[in-house]
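Secondary and tertiary structure notes
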Amino acid sequence: MSVNEHEEPTVQANARYDFDTVVDRRGTWCVQWDGVADRFGVDGLLPFTISDMDFETAPEVLTALRTRLDHGVLGYTSWQHDDFRSAIAHWYETRYGTELDTGRLVYGPSVLSQFSQLLQMWTAEGDGVVVHTPTYDGFRKAITGLGRELRGVPLGETGALERELARPDAKVLVLCSPHNPTGRVWTEPELADMAALAARHGVAVISDEIHADFVHDGHRHVPWTRVAGDARWAVISSASKSFNFPALTGSYGIIGDPADRTEFLRRMETAEGLASPAVLSLTAHIAAYRQGGPWLDAVRAYVAGNLALVAERLNASFPELSWQPPQAGYLAWIDLRPLGVDDEALQRVLIEREKVAIMPGAVYGAEGFLRLNVGCPRSKVEAGVDALVRALETVR
């Protein structure tokens, strides 16, 4: 049974979902649409930027949220109950064939808040934190903002990874699995090798698996829990990325060591004041993980079609790119170096002439690349890739 066949049938298993209808997000305090000028300096651009999708979340999630709101009382709540924990365990079993010890679960307001807390637990100022490059900018900001030293290792360079992990002040290896921004999916042998290296050098591992549910056909996500062993480790994740409800906040973690779990929860409840999680986030997670599988499979297939469209149009205009869709996610990581274009000149044309906002690779430490978000209706993807082709033809 493939990874995408694990989900048990639901009443809407054969339902058809509409991803073509454009939902107007302007005027909803939306970071991607209403906040585009904050990053690009110009309002009104067609954005392909921050990694959320322009689709409504799964109808099963919306129904659960409406039912919870109809109750009318939104008081303090708890995440430490079987409804929440068992939904996560159900997802890991049906999606990844992995048995999850729910006693290892923790809760946090977001994946990045968990990441920051774990760094503070396991490192001190000046310590080395090893990451693969290019690097998700949220990691970069958290690591440097806390006064830790970011140690970048290019993807696939095992020798360089071991050299960095062997440094005496290297304390944490950060794994983005699947990788953002490239969409790389790690194989189980690759993960096992990294686990062995981390254990050999006494380095803790934080595995951010928020993109795990968006692995495309032909590839398979392997949770870090499968290879972690007895070394110090944590997995941080959320249903908010795959089901598109990040505005509800909320994430969960899995921490291997009991003492680390206790300390993490103590810090969240005291230093961070997280006595009560967002009840609508809990509601959304439970509905997504119990009933949302068919919707997720449908949106993944739709996004795969969007990525295929990008590949077709880019390669028709610039065969030398030979661009291939990523192994996971809805973020097209495009290597433009074969064209020899100037990054700044390209951004000027994209913004001033084509009126589109596409994330430059420099944000992730990689000159000569772009990150194009295609988690949106196909008509928007067509407009974006056509604008990109015209801009490249202009500056080439």
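Above this text sits the structure in question.
Right, let's walk through the structure included here. Remember, predicted model here, so these are calculated numbers, not experimental data. (Residues numbered from 1 in each chain as written. Predicted model: local features only at pLDDT ≥ 70, side-chain atom pairs only at ≥ 80, totals over all residues. Heavy atoms only, no water.)

Now for the packing of aromatic side chains. One pass over the structure, following the stated rule, counts 17 aromatic pairs. On the basis of an interplanar angle of 65° and a centroid distance of 5.2 Å, the ring pair of Phe19 and Phe55 is categorised as edge-to-face. Linking Phe19 in the segment before helix H1 (31-34) with Phe55 in the loop between strand S1 (46-48) and helix H3 (59-71), this pair joins segments that are 36 residues apart in sequence. Given the relative accessible area of 5%, Phe19 is considered buried. In this structure Phe55 comes out as buried when scored by relative accessible area, which is 7%. Arranged with centres 4.9 Å apart and planes meeting at 15°, the rings of Trp333 and Phe369 form a pair that is stacked. With Trp333 in strand S9 (residues 331-335) and Phe369 in strand S11 (residues 369-373), this pair connects stretches of sequence that are 36 residues apart. Ring pairing ties together the aromatic residues Tyr17, Phe19, Phe55, Trp91, Phe243, Tyr252, Tyr289, Trp295 and Tyr302, which thus form one cluster. A cation sits over an aromatic face here: Arg378 above Tyr302, 4.3 Å from the ring centre. (Phe/Tyr/Trp six-rings, centres within 6.5 Å; stacked < 30°, edge-to-face > 60°. Helix = DSSP H or I, 4+ residues; strand = E, 2+ residues; numbered from the N terminus. Buried < 20%, exposed > 50% of the residue type's maximum accessible area, 1.4 Å probe, protein only. Lys NZ or Arg CZ within 6 Å of the ring centre and 35° of its normal.)

Moving on, we come to helix H6 (residues 137-145). Considered for burial, the residues of H6 that qualify are Asp137, Gly138, Phe139, Ala142 and Ile143. Directly after H6, the chain includes Gly147, whose backbone phi takes a positive value near 80°.

Relative to the assigned elements, Ser237 resides in strand S7 (residues 233-237). Polar contacts involving the side chain of Ser237 include one to the main-chain carbonyl oxygen of Glu209, which spans 3.2 Å. Residue contacts for Ser237: discarding those within four places in its chain leaves Val111, Gln114, Glu209, Ile210, Ser251 and Tyr252. (Polar contact = N/O pair within 3.5 Å; in protein donor to acceptor, adjacent residues only side chain to side chain. Contact = heavy atoms within 4.5 Å.)

Another point: empty space enclosed by the protein. Using the criterion set out here, one finds four cavities of 30 Å³ or more in the structure. By volume, the largest cavity is sized at about 70 Å³. Considering the residues around the largest cavity, the lining is formed by Pro178, His179, Asn180, Pro181, Thr182, Gly183, His211, Ala328, Gly329, Tyr330 and Leu331. Looking at the lining of the largest cavity residue by residue, the class counts come to five nonpolar, six polar and no charged. (1 Å grid on protein atoms, 1.4 Å probe; cavity = no way out; pocket = protein on both sides within 12 Å on 5 of 7 lines; lining within 4 Å. Points joined across faces, edges and corners; volume = space filled by probe spheres on them. Nonpolar A, V, L, I, M, F, W, Y, C, P; charged D, E, K, R; others polar.)

Time to look at the pattern of salt bridges. Where charged atoms from two side chains of opposite charge come close, those side chains can pair. A full pass over the atoms with the stated rule returns 23 salt bridges. A salt bridge links Arg200 to Glu162; its shortest N-O distance comes to 2.8 Å. Of this pair, Arg200 sits in helix H8 (residues 188-200) while Glu162 sits in helix H7 (residues 158-166); the two residues are 38 residues apart in sequence, bridging distant segments of the chain. A cluster of three or more residues bridged by salt bridges with shared partners is formed by Arg25, Asp52, Asp54 and Lys380. (Salt bridge = Lys/Arg side-chain N within 4 Å of Asp/Glu carboxyl O.)

Let us look at the pairing of strand S8 (residues 251-255). Most of S8 sits out of view: five of its five residues are buried. In the sheet, strand S2 (residues 105-108) pairs with S8 via four bridges, with the strands oriented antiparallel. Its bridge partner being in S8, Val106 is matched across the sheet by Gly253. As defined by bridge partners, S7 adjoins S8 across four bridges and the pair is classed as antiparallel. By the bridge assignment for S8, Ser237 is matched with Tyr252. (Pairing = 2+ DSSP bridges.)

With that out of the way, let us pick up the layout of surface pockets. Within this model, the largest pocket holds a volume of roughly 1300 Å³. Ile50, Ser51, Asp52, Pro246 and Ala247 are the residues nearest the centre of the largest pocket, which is lined by 50 residues in total. Going through the elements one at a time, H1, helix H2 (36-40), H3, helix H5 (111-122) and H6 are the ones with two or more residues in the lining of the largest pocket. Top element by residues in the lining of the largest pocket is H2. It accounts for four residues. Among the residues making up the lining of the largest pocket, the classes are represented as 23 nonpolar, 16 polar and eleven charged. Within this model, the second largest pocket holds a volume of roughly 280 Å³. Every residue lining the second largest pocket is counted, 16 residues in all, and those nearest its centre are Leu155, Thr182, Gly183, Arg184 and Trp333. Class assignment for the residues of the lining of the second largest pocket results in eight nonpolar, five polar and three charged.

Just geometry here; none of it tells us what the structure is for.
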